[in-house]
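Summary of the model geometry
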Amino acid sequence: MKNTATASYAANPKKSLGRLHKEPSPTYRSEFQRDRDRIIHSTGFRRLEYKTQVFVNHEGDLYRTRLTHSLEVAQIARSIARTLKLDEDLTEAIALAHDLGHTPFGHAGQDALNACMKDYGGFEHNLQSLRIIDQLEKNYAEFDGLNLSFETREGILKHCSLKHAAELGDVGERFLNKTQSSLEAQLTNIADQVAYNNHDIDDGLRSGLITIEQMKAVELFSIQYDKVMWKYPKLTGHRVVHETIRRMIGEQVIDLIETSQNRLKAANPNSIDDIRQHHEELISFSDKMRTQNQELKKFLRENLYYHHKVYRMTRKAHHVIKALFNIFIDDIRLLPPEHQELAKLSLLDNGETGQARVIADYIAGMTDRYATIEYARLFGVEGSVFYS
Ligand code: MG
C-alpha cells in the first residue's frame, strides 16, 4: 500500500512547482519518485558511505556513516509520512539527500571549511547540498546537477542565512517571507534529529566513550531502559542497548505523529499553500518530548561530542581541512587538472571568491579517507594521521 490516499495538504507530485530545466513527466513514476531515484544514482550519494558524523570512517566498521544515517532518516520519516498521509516519495527523496553537502570529518570538517571560507562567503552544509544537486553533479547531457523538483530542493535546504537566502531565488524565499516548507520537509528535518540522537547513543556506548550508567541520568533513556530491564531482567550486553533505543525511537515517533495530528486538526489546512502560509510549523513534538530531547542533546554534547578522544579527532580534522585549503589557495596547480580548469574559469568570472569556492567544493566532496590520503600526499606524512 503506497501513497494510496495522501491528504489534501500533502505535496502533490502532479502539482509540483517544477524543475529548473523543463522536462517531460516520467512515464511510470511520479515526479518525486524520479527525484528519489536520481539521488540514489548520484555520485554524492555514493560518497556518503565514506563520510562520518561523529567518528572518523575507518575508526571502526560498526559505526554509522552518513549513508546508513540517511537510510535511517528515510525509514523513520517514511513511516511518519505514511501515517500522516503525506507523500512518501518526496519524504524519502529529501531524507536521502539531506546530508549530501557534508564535508569529510563531520561537523569538525564543516566548521574548519567555514572558517577557511570566511572571506569568500562562508561554507554551510545545507547550501552545499543544494549546490550539489543544482550544479555540481555532472552526469546529465542537458543540464548540470540533478534537476530536481522544487519541493525536493526546498526540503534539502533546511536552514539558510538571510544573506544567502536572498541570492537563492525560489527556494530561498521562505526564509525571507517567513513562510513554511512542506510538511514532508518539516517531518524529515525532525526525523533527522530522532535518527542521530539515538544512533549517537548507540555508537557512543559501543565505542565505550559513554556508559549506560551515565545515560541513566537522561530521562528519555532511563524510562525505556527501566522498562526493558523490568521485562527482561536477565538481558545483558548490546541487546539491552538495542531494546532501549528502539523503544526511545518508538516513543519519539509516536509523540511526533500524535502531536502533529492534533496540530493539523486544529489548524485545519486544505492545501499545501495553507501549510506554507501557516504562522508556524505544524509537524512538532509535544512540549514534554521537546524538553526531554533537549536534555538528551545536552548530554550528548557534553559527554560524547566534546569527549576528550572525539575532541582530539576534531582538532586533527580542523588541521587537515585548513592545511588542504591553504595549500590549494596558495597554488591551484596542486589541484587535480579538472578542478584546476574550474578554478581558472572561476577566477575570470568571480575573482578570488570564485576560485576559493572551487577549492571548497573539491574539499567538501572528499570522503574522510580521501582527505586523509590527499593530506599525506601533499605534506609527505603518514596516511594514518587519524590513528592514535
Ligand atoms: Mg542528518
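What you see is a predicted model; the values in this text were computed from it and never measured.

The secondary structure content of the chain amounts to 18 helices and 0 strands. A globule of 388 residues ought to have a C-alpha radius of gyration of about 21 Å, and the chain, at 22 Å, matches this closely. Considered along the principal axes of its C-alpha atoms, the chain spans approximately 60 × 50 × 35 Å. The proportion of buried residues among the 388 residues of the chain is 54%. Excluding contacts between residues fewer than 6 apart, the proportion of contacts in the chain whose partners are at least 24 apart in sequence is 71%. By element, 51% of the accessible surface of the chain is carried by carbon and sulfur atoms, the whole surface being about 18700 Å². One finds the centroid of the 51 positive side-chain charges in the chain at a distance of 4 Å from the centroid of its 54 negative side-chain charges.

This part is about the domain arrangement of the chain. As assigned here, the chain comprises domain 1 (13-309) and domain 2 (311-379). One C-alpha centre belongs to domain 1, the other to domain 2, and the line joining them spans 27 Å. Each partner contributes residues to the interface: domain 1 has 32 residues there, and domain 2 has 26 residues. Here domain 1 and domain 2 share an interface that buries about 2600 Å² over both sides, 65% of which is from carbon and sulfur atoms. In this structure, Asp361 and Arg131 form a salt bridge, with 2.6 Å as the shortest nitrogen-oxygen distance. Along the contact surface separating domain 1 from domain 2 lie 15 residue pairs in polar contact (both at pLDDT 80 or more). Broken down by secondary-structure element, the contributors of at least two residues to the side of domain 1 that touches domain 2 are helix 5 (106-116), helix 6 (125-136) and helix 16 (308-330).

The next subject is the packing of aromatic side chains. Enumeration over the complete set of coordinates arrives at 6 aromatic pairs. When the centroid spacing of 5.1 Å and the interplanar angle of 25 degrees are considered together, the rings of Tyr140 and Phe143 count as stacked. According to the relative accessible area criterion, Tyr140 is partly exposed, its value standing at 30%. Since its relative accessible area comes to 7%, Phe143 is described here as buried. Aromatic side chains Tyr362 and Tyr370 sit 6.3 Å apart centroid to centroid with 80 degrees between the ring planes, which places their arrangement in the edge-to-face category. Every member of this aromatic cluster is reached through a ring pair, and the members are Phe328, Tyr362 and Tyr370.

Let us look at the coordination of the magnesium ion. Coordination of the magnesium ion by the protein comes from His69 (NE2), His98 (NE2), Asp99 (OD) and Asp192 (OD), over a distance range of 2.1 to 2.7 Å. Along the chain, the residues donating to the magnesium ion fall in the pattern H-x28-H-D-x92-D. Here His69, found in helix 3 (residues 66-83), pairs with Asp99, found in the loop between helix 4 (88-97) and helix 5; they are 30 residues apart in sequence, far enough to count as distant. Here His69 matches Asp99 in class, with each residue buried.

On to the pattern of salt bridges, then. Tallied over the entire structure, the rule returns 29 salt bridges. Members of the salt-bridge network, linked through shared partners, are Arg29, Arg36, Asp37, Arg78, Arg82, Glu88, Asp89 and Glu92.

Bringing helix 10 (residues 183-207) into the picture now. Helix length check: helix 10 (25 residues) gives 36 Å between terminal C-alpha atoms against 36 Å at 1.5 Å per residue, within 8%. A large share of helix 10 lies buried, amounting to 21 of its 25 residues. Directly beyond the C-terminal end of helix 10, a positive phi value near 80 degrees is found at Gly208.

Before going further, it helps to spend a moment on the nonpolar core. In terms of nonpolar packing, the biggest core is built from 66 residues, with Ile201 and Met215 touching the most fellow members. For this core, the secondary structure elements donating two or more residues are helix 3, helix 4, helix 6, helix 7 (150-156), helix 10, helix 12 (219-231), helix 13 (238-267) and helix 15 (287-305). Setting aside residues no more than four positions away along its own chain, Ile201 makes contact with Ile210, Met215, Phe221, Ile245, Met248, Leu296 and Leu300. Grouped together as the second largest cluster of nonpolar side chains are 29 residues, Phe105, Ile332, Ala343 and Ala371 included.

Glancing now at the packing of helix 3 against helix 4. Contact geometry of helix 3 with helix 4 gives a least axis separation of 8 Å together with a crossing angle of 160 degrees. Overall, the two elements helix 3 and helix 4 adopt an arrangement that is roughly antiparallel. Regarding helix 3 and helix 4, the two cross each other, and that crossing is right-handed. Counting all contacts with helix 3, which are made through Ser70, Leu71, Val73, Ala74, Ala77, Arg78, Ala81 and Arg82, the residues of helix 4 involved are Glu88, Thr91, Glu92, Ala95 and Leu96. Across the contact of helix 3 with helix 4, the residue classes tally to 7 nonpolar, 2 polar and 4 charged.

Running from amino to carboxyl end, helix 3 crosses helix 10 at an angle of 130 degrees, the nearest separation of the two axes being 8 Å. Between helix 3 and helix 10, the interaxial angle falls into the category oblique. In this structure, the crossing between helix 3 and helix 10 has a hand that is right-handed. Every residue of helix 10 that contacts helix 3 at His69, Glu72, Val73, Ile76, Ala77, Ile80 and Ala81 is listed here: Leu187, Thr188, Ala191, Asp192, Val194, Ala195, Tyr196 and His199.

Conventions adopted
- Residues numbered from 1 in each chain as written.
- Predicted model: local features only at pLDDT ≥ 70, side-chain atom pairs only at ≥ 80, totals over all residues.
- Heavy atoms only, no water.
- Helix = DSSP H or I, 4+ residues; strand = E, 2+ residues; numbered from the N terminus.
- Rg over C-alpha atoms; globule rule 2.2 N^0.38 Å.
- Buried < 20%, exposed > 50% of the residue type's maximum accessible area, 1.4 Å probe, protein only.
- Contact = heavy atoms within 4.5 Å.
- Areas by Shrake-Rupley, 256 points an atom, 1.4 Å probe, with all protein chains shown as cover.
- Lys, Arg positive; Asp, Glu negative; His and termini not counted.
- Charge placed at Lys NZ, Arg CZ, Asp CG, Glu CD.
- Domains from an automatic or database assignment.
- Buried area = accessible area lost by both parts, 1.4 Å probe.
- Salt bridge = Lys/Arg side-chain N within 4 Å of Asp/Glu carboxyl O.
- Polar contact = N/O pair within 3.5 Å; in protein donor to acceptor, adjacent residues only side chain to side chain.
- Phe/Tyr/Trp six-rings, centres within 6.5 Å; stacked < 30°, edge-to-face > 60°.
- Donors = N, O, S within 2.8 Å, 3.2 Å for Na, K, Ca; no water.
- Expected span 1.5 Å × (residues − 1).
- Core = buried A, V, L, I, M, F, W, Y, C linked by side-chain atoms within 4.5 Å.
- Axes fitted to C-alpha atoms, helices over the stretch in contact; angles between N-to-C directions.
- Parallel < 35°, antiparallel > 145°, perpendicular 65-115°, else oblique.
- Left-handed = near helix turned anticlockwise from the far one by under 90°.
- Nonpolar A, V, L, I, M, F, W, Y, C, P; charged D, E, K, R; others polar.

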